[in-house]
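Each chain, letter by letter, is given below.
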Amino acid sequence: MSREIVGAERATQTLCFAAPLLPGTSSSDREEMLSCWHGVRSDDHTASRRRHGISRESVWIQSTPNGDVAVVLIESADLPNALLGLATSDEPFDVWFREHLLTVHGMDMRAGMTLPELVLDFGG
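Right, let's walk through the structure included here. (Residues numbered from 1 in each chain as written. Predicted model: local features only at pLDDT ≥ 70, side-chain atom pairs only at ≥ 80, totals over all residues. Heavy atoms only, no water.)

**Remarks on the pairing of strand E3 (residues 54–64)**
Here is the key point about a regular strand: its side chains alternate between the two faces of the sheet.
Here is step 1: Pairing between E3 and strand E4 (residues 67–76): ten bridges, direction antiparallel. Looking across to E4, one finds that Ser63 is bridged to Asp68.
Here is step 2: In this structure, the hairpin formed by E3 and E4 is closed by a connection of two residues. (Pairing = 2+ DSSP bridges. Helix = DSSP H or I, 4+ residues; strand = E, 2+ residues; numbered from the N terminus.)

Printed below as a string of C-alpha cells:
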C-alpha cells in the first residue's frame, strides 16, 4: 500500500507491505528490530532514517498459518529516494540492515522491490 498524506508543510508518502520471514528467523528479526528501536542499534537506526528522509518506520511480526511475516510501514516526503538511499548506501548501519533483510526475509534491496498494489483506501 502506498498513499500520500498532504499536510500544512509538505506531503508525506506512506508505504505498507508484508515481508515473509524465512523459517526459524522470527526471533532473530524480533531481537534486531527491538535493538533498532530501544537497544544498541537505536542511535545508528535513527541516524540512518534521518539521513534518508524517513520520518516514520514501524514493524510488526504477524503469525499466519503459513509462517510469520513482518508488516512494515514507512513514511517519507520522498519514498523513492528514501528506498534508493537504503538500497545503495555504504554507511555501516545501512549495509548491516540490508544484510539482515537478506538473512531473515531473503530480500535483496539492491535488486529493487515490487511495491504493493493499493486496493482499498477508506478515509483517504
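Here the narrative resumes, following the displayed structure.
**Things to note about the layout of surface pockets**
Here is step 1: Quantified by volume, the largest pocket comes out at close to 450 Å³.
Here is step 2: Met33, Trp37, Glu57, Ser58 and Val59 are the residues nearest the centre of the largest pocket, which is lined by 19 residues in total.
Here is step 3: With seven residues, the single largest contributor to the lining of the largest pocket is E3.
Here is step 4: Broken down by class, the residue content of the lining of the largest pocket amounts to eight nonpolar, five polar and six charged. (1 Å grid on protein atoms, 1.4 Å probe; cavity = no way out; pocket = protein on both sides within 12 Å on 5 of 7 lines; lining within 4 Å. Points joined across faces, edges and corners; volume = space filled by probe spheres on them. Nonpolar A, V, L, I, M, F, W, Y, C, P; charged D, E, K, R; others polar.)

**Concerning the pattern of salt bridges**
Here is step 1: One pass over the full model with this rule turns up four salt bridges.
Here is step 2: Measuring nitrogen to oxygen at the nearest pair gives 2.9 Å for the salt bridge that ties Glu57 to Arg49.
Here is step 3: With relative accessibility at 24%, the residue Glu57 sits in the partly exposed group.
Here is step 4: Note that Arg51 and Asp94 form a salt bridge whose closest N and O atoms lie 3.1 Å from each other. Of this pair, Arg51 sits in helix H2 (residues 42–51) while Asp94 is found in helix H4 (residues 92–105), placing the two residues 43 residues apart along the sequence. (Salt bridge = Lys/Arg side-chain N within 4 Å of Asp/Glu carboxyl O. Buried < 20%, exposed > 50% of the residue type's maximum accessible area, 1.4 Å probe, protein only.)

**Some remarks on the nonpolar core**
Here is step 1: Counting residues in each nonpolar core, the largest one holds 19 residues, and the members touching the most others are Phe17, Ile74 and Phe97.
Here is step 2: Listed by contribution, the elements that provide at least two residues to this core are strand E2 (11–20), helix H1 (26–38), E4, helix H3 (79–88) and H4.
Here is step 3: For this core, the element with the most residues is H3, which contributes five residues.
Here is step 4: Not counting residues up to four positions away in its chain, the partners in contact with Ile74 are Gln13, Thr14, Leu15, Phe17, Ile54, Arg56, Glu57, Leu79 and Leu83. (Core = buried A, V, L, I, M, F, W, Y, C linked by side-chain atoms within 4.5 Å. Contact = heavy atoms within 4.5 Å.)

**Thoughts on empty space enclosed by the protein**
Here is step 1: Considering all chains together, one arrives at one cavity of 30 Å³ or more under this definition.
Here is step 2: Along the wall of the largest cavity there are 17 residues; nearest its centre are Phe17, Glu57, Val72, Phe97 and Leu101.
Here is step 3: Those elements that provide at least two residues to the lining of the largest cavity are E2, H1, E3, E4, H3 and H4.
Here is step 4: Taken together, the residues that form the lining of the largest cavity break down as 14 nonpolar, one polar and two charged.

**Focus: a nonpolar patch on the surface**
Here is step 1: A cluster of nonpolar residues, Val119, Leu120 and Phe122, forms a patch on the protein surface that exposes about 450 Å² of accessible area.
Here is step 2: Tracing the backbone shows Leu120 in the segment after H4. (Patch = residues over 30% accessible without salt bridge, like charges linked within 9 Å, V, L, I, M, F, W, Y side chains within 5 Å. Areas by Shrake-Rupley, 256 points an atom, 1.4 Å probe, with all protein chains shown as cover.)

**Focus on the environment of Asp94**
Here is step 1: With relative accessibility at 1%, the residue Asp94 sits in the buried group.
Here is step 2: When sequence neighbours within four positions are dropped, the list of residues in contact with Asp94 reads Ser48, Arg49, Arg51, His52, Leu86 and Ser89.
Here is step 3: Only 2.7 Å separates the side chain of Asp94 from the side chain of Ser89, close enough to count as a polar contact. (Polar contact = N/O pair within 3.5 Å; in protein donor to acceptor, adjacent residues only side chain to side chain.)

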